[in-house]
Amino acid sequence: MRELARKYATSVEEWLKGVAFAMQEFLFFSLRAFGKLGAARRYWRDVLDQAYICGVESLPILIVSALSIGSLIVIEVGHQLAEFGAKTMTGRSVALSVVREISPLVAGLMLAARVGARNSSELGAMQISEQIDALRAFGTDPIAKLVVPRLVAAALMFAPLIALCDVLGLVSGAYLAEWDLHLDPGIYWNSVIDILRPMDWVVGFSKPPVFAIGISLISCYNGFATTGGTAGVGRSTIKGIVYSSAFVLITNFYLSKVILDLMRG
Amino acid sequence: MIELRNVSLRYGSREVLKNVSLTIEDRTIKAILGPSGVGKSTIIKLMLGLIKPTSGQVLIDDVDITHLSEVELFPIRQKMGIVFQGNALFDSMTITENMSFFLRENLNLSEDEIRRRVQEQIKFAGLEGYEDSLPDRLSGGMKKRVAIGRALIFHPKMILFDEPTAGLDPVSSKKILDLIARLQREIGLGAVLVTHILSDVFAVADSVAVLYQGEIIFNDAPQKLYESAHPFIASFLANPED
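Residues numbered from 1 in each chain as written. Chains lettered and ligands numbered in written order. Predicted model: local features only at pLDDT ≥ 70, side-chain atom pairs only at ≥ 80, totals over all residues. Heavy atoms only, no water.

Undergrad: Explain the overall build of chain A here, please?
TA: Per the secondary structure count, chain A includes ten helices and zero strands. For chain A, the α and β elements follow one another from N to C terminus as α-α-α-α-α-α-α-α-α-α. Each principal axis of the C-alpha atoms in chain A carries an extent, and together these give about 65 × 60 × 40 Å. The proportion of buried residues among the 265 residues of chain A is 47%. Long-range pairs, those at least 24 residues apart, make up 87% of the contacts in chain A with a sequence separation of at least 6. Surface summary for chain A: the accessible area is close to 13,300 Å², and the carbon and sulfur share equals 68%. For chain A, the centre of its 23 positive side-chain charges and the centre of its 21 negative side-chain charges are spaced 8 Å apart. (Helix = DSSP H or I, 4+ residues; strand = E, 2+ residues; numbered from the N terminus. Buried < 20%, exposed > 50% of the residue type's maximum accessible area, 1.4 Å probe, protein only. Contact = heavy atoms within 4.5 Å. Areas by Shrake-Rupley, 256 points an atom, 1.4 Å probe, with all protein chains shown as cover. Lys, Arg positive; Asp, Glu negative; His and termini not counted. Charge placed at Lys NZ, Arg CZ, Asp CG, Glu CD.)

Okay, here's the thing in structure tokens:
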């Protein structure tokens, strides 16, 4: 029994060491990426390519997500409000939920899946085929060439994408409120405009740059740390999605909490 | 000249290289022979400064590169080209782009000069007509020749080959070995050839070091292998395909 406990303790210790080492490596990787941000000017074509990939190519899934967000809030909340004779408040509920929380969160998760998977798998494949070593061997900094353009492109694109999700979420809410609750669009939009304060936009738009940095760095680091052939690329891709999504969920909560607490004094 | 002085490398509890010392003179072809997974490719990466040894020194033309930064390493790396085992070609770039990419990245050359250098390598590698092809469209032997052309693009004085004939058919293997011999004969290029294929060693190498369990157990002319009494070398010579 004691032997089993010792074995268990040793494996836990090894695991903790592994986690600490990975955290340290991730920190150094992130610092190097920030230190090389100036390379975005040199690799501006790569920035544009990545902006197209993470921006334009993400549009279909984001549009579908955004349309469903507003509609679902109307279905769930609008009917509850209607039971109390307060369906004119539907616009307020949709506006606050969409702008502050649901739109950044859902868009963040979609981008974590799409951008995180792409970065991890693409860079992982480059790592196992020694293309990253080739860059270093022939004098090109792989972080400047591969990570910085992805980081800058995500930072540029995430805010407009989430703004689009906000608009589509509100519009889909308006259509469903009219169709399902027979709520006049004028009343809906008036309540949307009435309730939204600058603080709500600050909360909503504080998230895209944080998500962009977190998702890009986590997924690129996973790609660079890939070992073990094609199975390793698979593992990196899964890690890229899971860790990026966890990052989005956790930071979404803390950003909302901290900013709202600060602004409410 | 490349020199490894008492180099050891450890990954966690696994000792990959133990006190390895090797010297590779300019204009000579040195083979590093050993079974798969013994750390042969690691030696090449150490020579380029892609990984750092746990202890010992790696010297390139008497400069210790062990503690150099990436920026400081670049002029040293320019003296050496590398051909990776899987070629490491950029699959979204054409053959011409693969060869010209690093010239544009690192040297301030005119477009004419870049075109001239790329054409020179394409001709040397016998790849005329494939300038605009993507690597996926080429055979294994042709990809290897592209990788060799790319390795020569900075006009290095030494070229490092990681398993240059692994996975190639006998005809392509012979072409690659002939190319390596031509590089030495025609432009005086030295080479380090990491391989597990004995016939490659006898085909082109001036000397051979045998790596076994992280240690150099033999370092002499290939013909002297037959005089070695080491049981691993005897078994390797008896079963070269194992």
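Undergrad: Can you walk me through the sheet that holds strand E5 (residues 63-64) of chain B in this structure?
TA: Sheets are built from strands that pair by backbone hydrogen bonding, the pairs being arranged parallel or antiparallel. All names here are of chain B. With antiparallel pairing, the four strands of this open sheet are ordered in space as E2-E1-E4-E5. Every interior strand has two partners, whereas the edge strands, strand E2 (14-24) and E5, have only one. In this sheet, E5 lies alongside strand E4 (residues 55-60) in antiparallel orientation, the contact comprising two bridges. Bridge pairing links Leu59 to Asp64 in E5. Relative to the sheet, helix H1 (residues 40-47) contacts strand E1 (2-11), E2 and E4, its axis offset from that of E1 by approximately 120°. (Pairing = 2+ DSSP bridges. Axes fitted to C-alpha atoms, helices over the stretch in contact; angles between N-to-C directions.)

Undergrad: Just checking my understanding: could you explain the environment of Ile51(B) for this structure?
TA: All names here are of chain B. Within the secondary structure, Ile51 is located in the loop between H1 and E4. Residue Ile51 is classed as partly exposed on the basis of its relative accessible area, which comes to 22%. Measuring from C-alpha to C-alpha, the distance between Ile51 and Thr66 comes to 8.9 Å, with 15 residues separating the pair along the chain. Once residues within four sequence positions are removed from consideration, Ile51 is found in contact with Leu9, Tyr11, Thr42, Lys45 and Leu46.

Undergrad: Any chance you could explain the packing of helix H5 (residues 90-128) of chain A against helix H9 (residues 198-224) of chain A here in plain terms?
TA: The relative placement of two packed helices comes down to the angle between their axes together with the axis-to-axis distance. Residues and elements named next belong to chain A. At their nearest, the axes of H5 and H9 sit 8 Å apart, and the two run at 15° to each other. In terms of orientation, H5 lies roughly parallel with respect to H9. Of the two possible hands of crossing, H5 and H9 adopt the one that is right-handed. Counted by class, the contact of H5 with H9 contains 14 nonpolar, eleven polar and four charged residues. (Parallel < 35°, antiparallel > 145°, perpendicular 65-115°, else oblique. Left-handed = near helix turned anticlockwise from the far one by under 90°. Nonpolar A, V, L, I, M, F, W, Y, C, P; charged D, E, K, R; others polar.)

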